Amino acid sequence: MTAYIIRRLLLGVIILLLVTLLVFLAMRLLPGDPLMIFVSQFQTESFTPEQIEELRREFGLDRSLPMQYINWLGDILRGDMGKSIIMGQDVGYLISTRLPVTVYFGVMSFVVSAFLGVIFGVICALRRGKWLDSVVTVLANIGITVPAFWIGILLMYLFSLTLHWLPTSGYVAPTENLAQSLRAAIMPVICLSLFSVAALTRQTRSAMLEVVSQDYIRTAWAKGLRERVIVLRHTIKNAMIPVITILGLQVGLIFGGSVLIETVFNIPGMGRLLANSLFSHDYQIVQAGTLVIAVVVVLSNLIVDISYGWFDPRIRYG
Amino acid sequence: MQNNVTNSVEPTAWSEVAPAQSEFRRVIRVFFSRKIAVVGLVLIVLLVITAIFAPWLAPYPPNDIDMANTLAKPSGDHWLGTDNLGRDVLSRIIYGARTSLIIAVGATAMSVVLGEILGLIAAYFGGIVFQIIMRFIDALMAVPMLLVALIMASLLGGGVKNVILALGVGMLSVHARMMCAQALSVKQNDYILAARSMGMGDMRMMIQEIVPNAFPALVVVATVGLGAVILAEAGLSFLGVGVMPPYPAWGKMISDGYKYILSNPALAFSPGIAIMLVVFGFNMMGDGLRDALDPRLRGVV
Amino acid sequence: MSVLLDVKNLRTHFHTHRGLVKAVDGVSFHINEKEIVGLVGESGCGKSVSMLSVMQLIAIPPGKIVSGSAMFDGHDLLKYKPKGDEMRAIRGAKIAMIFQEPMTSLNPVLTIARQVTETLELHLKMDTQTARKRAVELLKLVGIPEAESRLDNYPHQFSGGMRQRVMIAIALSCNPKILIADEPTTAVDVTTQAQLLELMQEMVNRFNTSLVIVTHNLGVVARYADRIYVMYAGRIVESGLSEDIFLRPLHPYTIGLLKSVPQLGQTKSDRELVPISGLPPNLIDMPQNCAFLPRCSYHKERCRLEPWPELHAVGAQHYVSCYVDTRETS
């Protein structure tokens with residue numbers, strides 16, 4: 001088991017290296033010179049070519065691409081994420097202030113998704129073919145088609161602008177005022193978790209139905225067990241095995257969705273930071289930010305793979 | 001969504017003796033026995049018709065600016081009202097179907113072709129080739145698909161071609177993984193060993209044996225992928241890195257309409273409903289195809 | 001000898017997308033106390049569905065018990081709700097079942113201990129410690145070596161034969177009146193098959209349990225069964241004491257079955273094995289007349305014209321449903 005985790009972590013490091021390489025190459029090879037964008041922001045002042053060259057040296061952009069990459073990587077390993085060209089701030093500091101906000105919403109959304117998705121899926125499977133199943137299944141099928149940012153606008157129009165029940169902007173620090181913070185988080189969390197709840201409901205339902213038709217469930221019925229015991233003890237644990245896979249995918253999806261949702265609700269998180277940095281070609285922030293997100297995704301994949309073992313004793317880690 | 005007749009206790013009793021049916025007819029029959037799949041098919045047919053016949057269906061040209069009549073509420077003249085430049089919203093939604101369809105098909109075709117080729121090569125050659133390709137695919141998967149597309153699109157700039165490229169790269173990993181897994185399992189089968197023993201050449205074998213066997217999975221994943229591309233495209237357009245104005249795109253219409261939500265909510269809401277209907281169509285068609293072509297894919301796709 | 005279970009006119013149908021399948025269509029049988037009964041027929045003839053119907057374990061839908069009664073202990077089991085307390089009090093406690101596939105009949109994610117003790121806790125109201133002790137005894141009884149240490153293993157750590165022994169232990173744990181073994185040995189190798197059958201015989205003797213062996217293999221029941229029912233296409237076509245069936249078979253299908261399996265005491269030179277020609281019938285839209293007709297070498301004009309005959313007595317306990325007296329023809 002320990003050997004397995006170590007091997008998986010090494011593999012994760014390789015994957016993360018490739019992520020940095022891909023993002024680095026994309027940022028440098030695709031059109032758009034960040035320095036020119038930076039310079040163009042200051043229309044009033046005029047930069048002499050010498051000043052631009054000075055800046056280019058300062059940010060290390062005069063070196064060869066491989067050298068730039070190696071330097072950047074070395075800095076990252078020392079914990080230095082560099083300095084943003086456009087914002088003029090330390091990237092590590094920027095990320096450390098923005099990431100917790102995204103994680104705050106992300107964790108809430110993930111927990112809501114996992115909890116509701118599994119419960120809905122189990123209920124549907126138990127009430128298969130009944131009206132409740134039909135209604136929830138149709139809603140789940142719709143849920144995976146709704147653009148999250150659109151539902152955000154719709155909710156905001158309804159609950160903030162028309163009914164005035166909820167605030168329009170989405171973020172109050174929980175340390176500042178917990179009640180306010182949770183109230184403001186309601187709509188963003190709904191948007192971030194809608195797709196995941198729907199996808200998990202579908203997956204759980206189908207996995208439950210698959211398990212219910214297995215021989216060992218017939219054995220359980222033949223023992224005279226209560227339906228509740230058959231569901232809780234014999235069915236759910238088996239059905240969770242494929243659900244875990246889908247659950248793991250939600251981490252990346254929620255991060256991806258936060259780019260949109262943080263824009264809609266004006267939330268100062270990683271998603272908005274990344275989007276804005278991309279538009280201004282602030283490559284330092286994009287490179288570091290993508291790496292941070294990839295680290296979270298790779299780690300959550302590892303947790304998923306380890307948790308299989310808890311659900312399924314047949315799995316051996318070797 | 002679920003097959004309702006598979007739970008019987010002794011299915012061998014009648015399946016063994018059933019008259020042989022052609023595979024194609026069986027697939028058609030199973031697909032059309034799912035009402036929801038047929039609904040999906042109808043929605044997609046409607047989308048295609050709308051896209052092709054947009055100039056005839058749309059009441060106004062999509063970019064006709066009418067500054068005297070901006071942000072009009074829905075009325076007899078403009079069923080969904082007009083936007084901030086006085087353009088007819090319904091007409092723009094109808095033309096937007098073209099944009100969505102072109103991008104969905106383009107990006108999916110690109111991701112399927114590249115992804116399947118990469119997956120095939122990885123699975124077939126194995127060893128170091130497999131390691132290199134699949135680790136890059138892992139790296140692509142470690143970054144959320146929307147972010148991959150966003151990075152690509154914002155660097156390449158907007159426009160239909162660049163959005164197709166960005167989303168194509170974003171979706172690539174799904175197809176490569178799928179193809180690799182499928183090809184690996186097909187590779188284990190006896191008939192591949194048989195083909196090899198008959199001296200079939202490498203490339204010929206790959207194309208003749210593995211591709212047709214992996215085809216059902218490909219069709220199902222690609223169909224669901226079309227819906228995913230449309231959702232992602234809407235996201236990119238919403239963030240302003242998608243299709244460039246004045247070209248009508250649903251995502252962009254939502255973000256434009258968002259600014260004028262108090263004057264005319266239909267501006268932001270109606271394109272979203274169009275997106276939902278189309279994505280729903282592709283998803284339900286995908287579910288139906290999965291049940292018809294290869295029920296084992298349930299849970300995978 | 002008293003009757004434990006008396007099933008009358010059982011009909012179980014399945015609604016499939018190709019039409020109505022009359023899997024069991026008017027079956028009557030009974031099980032006596034401390035008796036071993038064989039229920040024999042080709043796969044798909046409805047023998048398993050009959051037993052599952054009595055236990056109300058068929059999936060509804062697509063299945064449906066259309067008619068019939070199953071009297072047990074003065075009550076009609078088919079009147080109980082499938083998931084109700086009364087039915088549950090019978091299952092596992094009074095009538096227990098073991099199934100064909102030992103590899104899939106045990107829950108892969110639960111320990112053997114959990115799966116053995118749950119019936120003890122449920123039906124015999126044992127506490128966890130007592131149940132665990134009893135589980136060890138049961139596993140020892142069915143011949144699982146090092147039972148204590150294997151209690152916390154998972155099913156995948158057992159071989160097919162060992163898993164079927166665990167299934168037997170679970171089935172007998174509450175000392176049931178009837179044990180239904182549905183193709184118990186089909187999925188295991190021949191040596192294990194014999195061991196399992198010996199074990200089951202020994203166990204039912206020890207527990208005073210009646211045993212129903214459902215099988216497609218006449219050879220399996222030959223040595224053990226007291227009485228045999230032969231099923232074809234959802235109906236019982238012949239029943240009788242084992243001697244009747246093996247020594248004086250009357251239905252052409254039974255005769256065909258006997259010719260198609262090697263029998264004890266016969267050498268290869270004695271007789272050739274003759275498979276029954278043709279395929280089992282399609283159970284959808286079956287004709288009114290005898291379903292075995294297309295495969296029958298004895299048939300007469302009457303079989304074509306008249307409906308499938310009812311069972312009629314030809315001996316003290318020997319019944320057959322055929323218009324032809326096969327003794328004359330041969």
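Residues numbered from 1 in each chain as written. Chains lettered and ligands numbered in written order. Predicted model: local features only at pLDDT ≥ 70, side-chain atom pairs only at ≥ 80, totals over all residues. Heavy atoms only, no water.

1. Here's the deal with the overall build of chain C
Test applied: Strands here mean DSSP runs of E at least two residues long; helices mean DSSP runs of H or I at least four residues long; both are numbered from the N terminus. With C-alpha atoms as the basis for the radius of gyration, the globule rule is written as 2.2 Å multiplied by the number of residues raised to the power 0.38. Burial here depends on accessible area, computed with a 1.4 Å probe over protein chains only, as a share of the maximum for the residue type. Under 20% is buried, over 50% is exposed, and the range in between is partly exposed. Residue-level accessible areas treat just the shown protein chains as cover; the underlying method is Shrake-Rupley with a 1.4 Å probe.
Counting its secondary structure elements, chain C contains 13 helices and 12 strands. On C-alpha atoms alone, chain C measures out to a radius of gyration of 21 Å, which is about the 20 Å that the 2.2 N^0.38 rule sets for 330 residues. Of all 330 residues assigned to chain C, the portion counted as buried reaches 56%. For chain C, the accessible surface area stands at approximately 14,200 Å², while carbon and sulfur atoms represent 52% of it.

2. Some points on the interface of chain A and chain B
We count it as follows: By definition in these notes, contact holds between two residues if any of their heavy atoms fall within 4.5 Å. Throughout, the accessible surface (probe 1.4 Å) given up by two parts as they are put together, summed over both, is called the buried area. By convention in these notes, a salt bridge is any Lys or Arg side-chain nitrogen within 4 Å of a carboxyl oxygen on Asp or Glu. For this analysis, a polar contact is any N or O atom pair within 3.5 Å, provided that within protein one partner can donate a hydrogen and the other can accept it, and provided that sequence-adjacent residues contribute only side-chain to side-chain pairs.
Facing the 50 residues of chain A at the interface are 47 residues of chain B. Counting the surface lost from both chain A and chain B, the interface buries some 4,400 Å², and carbon and sulfur atoms represent 78% of this. Ionic pairing is found between Asp287(B) and Arg202(A), a salt bridge with its closest N-O pair at 2.9 Å. Applying the counting criterion to the chain A and chain B interface returns four residue pairs in polar contact (both at pLDDT 80 or more).

3. Comments concerning the sheet that holds strand E12 (residues 319–320) of chain C
All names here are of chain C. Worth spelling out the cut-off: When DSSP locates at least two bridges between a pair of strands, those strands are taken to pair.
Pairing in this open sheet of eight strands is mixed, and the strands run E6-E7-E8-E3-E9-E10-E12-E11 from one edge to the other. Across the chains shown, the open sheet's two edge strands, defined by having one partner strand only, are strand E6 (95–98) and strand E11 (312–313). Alignment of E11 against E12, held across two bridges, turns out to be antiparallel. Its bridge partner lying in E12, Ala313 is registered against Tyr319.

4. Quick notes on the interface of chain C and chain A
Counting from both sides, the interface comprises 29 residues of chain C and, opposite them, 21 residues of chain A. Where chain C abuts chain A, roughly 2,300 Å² becomes buried across the two surfaces, and 57% of that area is made up of carbon and sulfur atoms. It is Arg88(C), Val109(C) and Glu118(C) in chain C that bury the most area against chain A; as a group they hold 25% of the surface buried on that side. Taken together, chain C and chain A are joined by three salt bridges.

5. Focus: the packing of aromatic side chains
Test applied: Any two of the Phe, Tyr and Trp rings considered here, Trp counted by its six-membered ring, make a pair once their centres fall within 6.5 Å; the pair's planes then place it as stacked at under 30 degrees, edge-to-face at over 60, or tilted in between. Consider the ring centre and the ring normal. A charge sits over the ring if Lys NZ or Arg CZ is within 6 Å of that centre and within 35 degrees of that normal.
In the structure shown here, the tally under the stated rule is 15 aromatic pairs over all chains. Plain terms: the ring middles of Tyr157(A) and Phe269(B) are 5.4 Å apart, the flat faces sit at 75° to each other, and that makes the pair edge-to-face. Taken together, the positions of Tyr157(A) in helix H7 (residues 148–162) and Phe269(B) in helix H12 (residues 266–293) put the pair across two chains. Its relative accessible area of 17% is what places Phe269(B) among the buried residues. Look at Phe238(B) and Tyr258(B): their rings are 6.5 Å apart centre to centre, the planes differ by 35°, and that puts the pair in the tilted class. Here Phe238(B), found in helix H10 (residues 202–239), pairs with Tyr258(B), found in helix H11 (residues 250–259); they are 20 residues apart in sequence, far enough to count as distant. Exposure remark for Phe238(B): the relative accessible area of 8% places this residue in the buried category. The residue whose ring lies beneath Lys237(A) is Trp310(A), and the NZ or CZ to ring-centre distance is 5.7 Å.

6. So, the pairing of strand E3 (residues 36–40) of chain C
Put simply, side chains in a regular strand alternate between the two faces of the sheet. Residues and elements named next belong to chain C. The buried count for E3 comes to five of five residues, which makes it a mostly enclosed element. Of the two faces of E3, the one holding Ile36, Gly38 and Val40 and the one holding Val37 and Leu39 are both buried throughout. Taken together, the five bridges between E3 and strand E8 (residues 210–215) define a ladder with parallel strand orientation. When the bridges of E8 are listed, Val37 appears paired with Val212. Direction of pairing for E3 relative to strand E9 (residues 227–232): parallel, over a ladder of four bridges. Counted as the bridge partner of Gly38 is Ile228 from E9.

7. Observations concerning the side chain of Arg88(C)
Its place among the elements puts Arg88(C) in helix H2 (residues 85–90). The exposure class of Arg88(C) is buried, given its relative accessible area of 7%. Residues contacting Arg88(C), with those up to four places away along its chain left out, are Gly224(A), Leu225(A), Arg226(A), Lys83(C), Leu122(C) and His123(C).

8. A short note on H7(A)
Residue and element names in this part refer to chain A. Under the convention used in this document: The length a helix should cover is 1.5 Å for every residue beyond the first. We define the bend at any residue as the angle between the axes fitted to the seven residues before and including it, ending there, and the seven starting there.
The terminal C-alpha atoms of H7, which comprises 15 residues, lie 20 Å apart, in line with the 21 Å expected from a rise of 1.5 Å per residue. Helix geometry: H7 is bent most strongly at Met156, by close to 30°. The complete set of buried residues in H7 reads Phe149, Trp150, Ile151, Gly152, Ile153, Leu155, Met156 and Ser160. Backbone geometry just downstream of H7 places His164 in the positive-phi region, at approximately 55°.

9. Considerations on the domain arrangement of chain C
Residues and elements named next belong to chain C. To keep things clear, this is the line we draw: Per the annotation, domain bounds derive from an automatic or database assignment of domains.
Assigned domains within chain C: domain 1 (3–225) and domain 2 (243–265 + 273–329). Each partner contributes residues to the interface: domain 1 has 15 residues there, and domain 2 has 11 residues. Across the interface of domain 1 and domain 2, roughly 1,100 Å² is buried in total on both sides, 68% from carbon and sulfur atoms. Connecting domain 1 to domain 2 are one salt bridge. Taking the shortest distance from any N to any O, the salt bridge between Glu42 and Arg295 comes out at 3.0 Å. At the boundary of domain 1 and domain 2, one finds two residue pairs in polar contact (both at pLDDT 80 or more). Taken together, the elements giving at least two residues each to the side of domain 1 that touches domain 2 come down to strand E2 (19–32) and helix H9 (218–222).

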